Amino acid sequence: MSHLISADLVRLDADLGADKHTVIRALARIVGAAGRASDVDQLVEDAFAREATSATGLPGGIAIPHCRTAGVAEPVLAFARLQPATDFGAKDGPADLVFLIAAPAGGDQTHLQLLTQLARALVKPAFTDSLRAAETPAEVAELVADVVGAAPQPTAAATPAAPPAPVAQTSAAPRRLVAVTACPTGIAHTYMAAEALEAAAARAGVDLQVETQGSAGAAPLDPATIAAADAVIFAVDVGVRDRYRFAGKPLVSSGVKRPFDQADAMIAEALRYAEDPDAPRVEGSAGDVAPTSRSTAGESWGGRTRRVLMTGVSYMIPFVAAGGLLIALSFLLGGYEIVGPYGDIAVSNTLFDLPDPDALGLEHALLGSGLAAYVGALFFIIGKTAFMLFLPALAGYIAYAIADRPGIAPGFVMGGLAANIFGVQTSGDSPVSIPATGFLGAIIGGVLAGLIAHWVGGRRVPAWMRGLMPVLIIPLVTSIIAGLLMIVVFGKPIGWLMDQLNDGLSSLSGSSAMVLGAILGLMMAFDMGGPLNKVAYTFAATGVGGAALASGAPQLKIMAAVMLAGMVPPLALALATVVRPGLFNKAERENGKAAWALGASFITEGAIPFAAADPLRVIPAIMCGSAVTGAVSMALDVGVRAPHGGIFVLFAVSNILGYLIALVAGTLVGAAAVIGLKSLGKPDPDLAIG
């Protein structure tokens, strides 16, 4: 492994050009002349592309043009002390100290860790003063080697240009903050911003923990650390990974470069926000939990399986919900007949040349309106497109949960095969398609893609190939292997199983349908948004995706049973708090007010606060209510074409009266069961207080 920098990569008091692009090109040629670049032109192109996203000039006369590139096989640094200085976009003037930092696209973790240490050192005046005082290239190379050769140390407080404003302390305990820093390349600014914030926090006597989301990787902040923090700082130029972890925290948000000259102000601002109830906050609530919120270290196989499947489902649901609601709206506007002429309408008509519903056979178009028919056709196209993507999303993000980003592309391909998105079929008058493997195929394909991508990514490859691994080799090899397995090995067995499942659903009637409805209801209520709930919902929603056009299809009845059963837990608990408020404490009675709206909107999670406080009595009670609702819904042949929305999608419901009967029946049973079980035993001493 070569050293990051050597004397032949250093130029002192050099005139490398009048503008930053000329300087970058000159430094790239220096890297090439030293035999450290396999493609100088590629290095220049990638450095220019990074420069175009945001200027790399920093306060104090420093510039750090940098990039990840296939033009180098190993990380390398080229340094120039310019005479005269050149403008790199910093607010305080041109730069006289310039580092060109190049890392291979594949990313060698050991070298990237060294680059982070250099980036942190560049915000320390003592280091930059030494670079300006150096007399020989060898001295510069030694200074840099000393910095990157040592383990990262806690930040020493640099002397600020002006003393920071005093921060008022409201208690003897030290204030706690957390921060995330990230830049597009993840090589330099990410770590320099972290160093600047840590130094400012040390000056203010604040406990700050920083998560650097850079190329060298980062250990995610401990959930307990986040929970204890008074506020959060996001200094980023890209999206924050796993942002939900900080939900509800007061937020100071900026670009990644602001901490370089305003770190003290950002710390003070975060402390002010911590005391301000009207301060900006990270979206969501403190109770929000995403499926990948826990570390995978020491994870059991059961926990890992749950995390992987829940990740895929959580990313899939928006496709299903949006697509289903759009199709339901298209039927409301254009009538069920819109499934025939939607293509003719979209191609042949415009807002200024509306279709004639009568001529197209759209007998149920809203008010016989040509505008309604036109908009309905467009909604149908958008909704069906969303439905075509939900299986690829399910498989893609299952693969992502296993292999991270390299798994996404092959996972999407496997989901596309499961949906036969390409429309592969035989020729002739009666074409036969390849087996449709549906959501089972998407799950299996996503797991295959993730495992294969993870295995391929762990192979040792030559240095020149590292840059090609994540963008070419892993997706290509994984797509070939997993795709062949899905088509040749698993396609027909899974297709046969899906056919049997669909045939079984189609034959359901009477008591067997009611039993299925009751089972789905129990699953929806048991963990209120957890794995069993999501399994039942996914089973129903994917059925709606395949049967959205078939009037009276059993899949639509299953969707109705699942939606109604998911509405019952919050509604039953809300009703119980009204009928017997003395059985609930003040906080629960307040939660009951919100539970009305949550239940009506099909947000089962509205029952979680009650279940968390008293699981042994609440969970069995709401399961009874949901089971009754599921069974009654199936018995009354209620159908729903929309996969979400609760009472707000009554326009997509067939047999509205049966829908309301099932909902009321389950709510009454659930509320009665909650009241009955809570009445047993000794009441809590804080009930009915306040």
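Below, the structure is looked at part by part. (Residues numbered from 1 in each chain as written. Predicted model: local features only at pLDDT ≥ 70, side-chain atom pairs only at ≥ 80, totals over all residues. Heavy atoms only, no water.)

**Digging into helix α21 (residues 656-679)**
A turn of α-helix holds 3.6 residues, and therefore any two residues three or four places apart point the same way. The end-to-end C-alpha separation of α21 is 34 Å, in line with the 34 Å expected for 24 residues at 1.5 Å each. The set of residues buried in α21 consists of Gly658, Tyr659, Ala662, Leu663, Gly666, Thr667, Gly670, Ala671, Ala673, Val674, Ile675 and Lys678. Summarising the contacts, the buried residues of α21 are in contact with α17 (554-579), α18 (586-600), α20 (615-635), β11 (639-640) and β12 (653-654). (Helix = DSSP H or I, 4+ residues; strand = E, 2+ residues; numbered from the N terminus. Expected span 1.5 Å × (residues − 1). Buried < 20%, exposed > 50% of the residue type's maximum accessible area, 1.4 Å probe, protein only. Contact = heavy atoms within 4.5 Å.)

**Considering the side chain of Thr629**
Relative to the assigned elements, Thr629 resides in helix α20. Judged by its relative accessible area of 0%, Thr629 falls in the buried class. Polar contacts involving the side chain of Thr629 include one to the main-chain amide nitrogen of Gly666, which spans 3.3 Å. Every residue in contact with Thr629, bar those within four places of it in the chain, is listed here: Leu564, Ala565, Val568, Ala662, Leu663, Gly666 and Thr667. (Polar contact = N/O pair within 3.5 Å; in protein donor to acceptor, adjacent residues only side chain to side chain.)

**Focus on the sheet that holds strand β9 (residues 231-236)**
Backbone hydrogen bonds hold the strands of a sheet together, and the pairing may be parallel or antiparallel. In spatial order, the strands read β8-β7-β9-β10; together these four strands make up an open sheet with parallel pairing. At either margin of the open sheet sits one strand with a lone partner, and together these are β8 (207-212) and β10 (251-254). Strand-to-strand twist in this sheet, taken as the mean axis angle between neighbours without regard to direction, amounts to 15°. Where helix α6 (residues 189-204) meets the sheet, it contacts β7 (176-182), β8 and β9, and its direction lies at approximately 175° from that of β8. Packing of helix α8 (residues 259-275) onto the sheet brings it into contact with β7, β8, β9 and β10, and relative to β10 it is tilted by some 155°. (Pairing = 2+ DSSP bridges. Axes fitted to C-alpha atoms, helices over the stretch in contact; angles between N-to-C directions.)

**Side note on unusual backbone geometry**
Geometrically, the link from Gln83 to Pro84 is a cis peptide bond, its omega value of 10° lying close to zero. On the secondary structure map, Pro84 appears in strand β5 (residues 76-86). In the Ramachandran plot, Leu367 falls in the positive-phi region, its phi being about 60° despite a non-glycine side chain. Take Leu367: its relative accessible area is 82%, and that puts it in the exposed class.

**With respect to the packing of α17 against α20**
For the pair α17 and α20, interaxial distance at closest approach is 8 Å and the crossing angle is 145°. Seen along the crossing, α17 lies across α20 with a hand that is right-handed. The residues of α20 that touch α17, namely those facing Lys557, Ile558, Ala560, Ala561, Leu564, Ala565, Val568, Pro569 and Leu573, are Val618, Ile622, Gly625, Ser626, Thr629, Gly630, Ser633 and Met634. For the contact of α17 with α20, the per-class residue count stands at 11 nonpolar, five polar and one charged. (Left-handed = near helix turned anticlockwise from the far one by under 90°. Nonpolar A, V, L, I, M, F, W, Y, C, P; charged D, E, K, R; others polar.)

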